[in-house]
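Examining the three-dimensional arrangement
This is what each chain is made of:
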Amino acid sequence: MSKSKSSPRNNEFVEECPSCESRTPHDVSIEIKAESRKRENRQFSREPYRVTRCTRCGNTQSQRMNDA
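Residues numbered from 1 in each chain as written. Predicted model: local features only at pLDDT ≥ 70, side-chain atom pairs only at ≥ 80, totals over all residues. Heavy atoms only, no water.

Turning next to the overall build of the protein chain. Per the secondary structure count, the protein chain includes 0 helices and 4 strands. Along its sequence from the N terminus, the protein chain presents helices and strands in the succession β-β-β-β. A buried classification covers 21% of the 68 residues belonging to the protein chain. Across the protein chain, contacts joining residues at least 24 apart in sequence account for 30% of those joining residues at least 6 apart. Of the roughly 5,600 Å² of accessible surface on the protein chain, a fraction of 45% belongs to carbon and sulfur atoms. (Helix = DSSP H or I, 4+ residues; strand = E, 2+ residues; numbered from the N terminus. Buried < 20%, exposed > 50% of the residue type's maximum accessible area, 1.4 Å probe, protein only. Contact = heavy atoms within 4.5 Å. Areas by Shrake-Rupley, 256 points an atom, 1.4 Å probe, with all protein chains shown as cover.)

Moving on: the packing of aromatic side chains. A complete count under the given rule lists 0 aromatic pairs for this structure. Sitting above the plane of the Tyr 49 ring, Lys 33 keeps its charged end 4.9 Å from the centroid. (Phe/Tyr/Trp six-rings, centres within 6.5 Å; stacked < 30°, edge-to-face > 60°. Lys NZ or Arg CZ within 6 Å of the ring centre and 35° of its normal.)

A separate point is unusual backbone geometry. In this model, Glu 21 sits at a positive phi of 55 degrees, which is unusual for a non-glycine residue. When you line up the elements, Glu 21 lands in the loop between β1 (12-17) and β2 (22-34).

Time to look at a nonpolar patch on the surface. Side chains of Ile 30, Ile 32 and Met 65 sit close together on the surface and give an oily, nonpolar patch of about 300 Å² of accessible area. Within the element layout of this structure, Ile 32 appears in strand β2. (Patch = residues over 30% accessible without salt bridge, like charges linked within 9 Å, V, L, I, M, F, W, Y side chains within 5 Å. Salt bridge = Lys/Arg side-chain N within 4 Å of Asp/Glu carboxyl O.)

Enumeration over the complete set of coordinates arrives at 3 salt bridges. Note that Arg 50 is salt-bridged to Glu 15, the shortest N-O span being 2.5 Å. Taken together, the positions of Arg 50 in strand β3 (residues 46-54) and Glu 15 in strand β1 put the pair 35 residues apart, joining distant regions of the chain. Glu 15 gets classed as buried once you look at its relative accessible area, which sits at 18%. Note that Arg 53 and Asp 27 form a salt bridge whose closest N and O atoms lie 2.9 Å from each other. With Arg 53 in strand β3 and Asp 27 in strand β2, the pair connects residues that are 26 residues apart, well separated along the chain.

Shape is all these values report; function is a separate question.
Here it is in structure tokens:
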């Protein structure tokens, strides 16, 4: 049995896209980003970010998880 195109994949969620101005499927992932610009503090300034990419238009947004 194959999945239809409307079935979301494991990392795909239907969310509002500001570019498409509608609810569209998005690929969702978590990335660890270093926030400090100083080299000596960089290893201590890593934060998780939720990254979403619209599968229709490609618009990508990221949000710091601690701010969610």
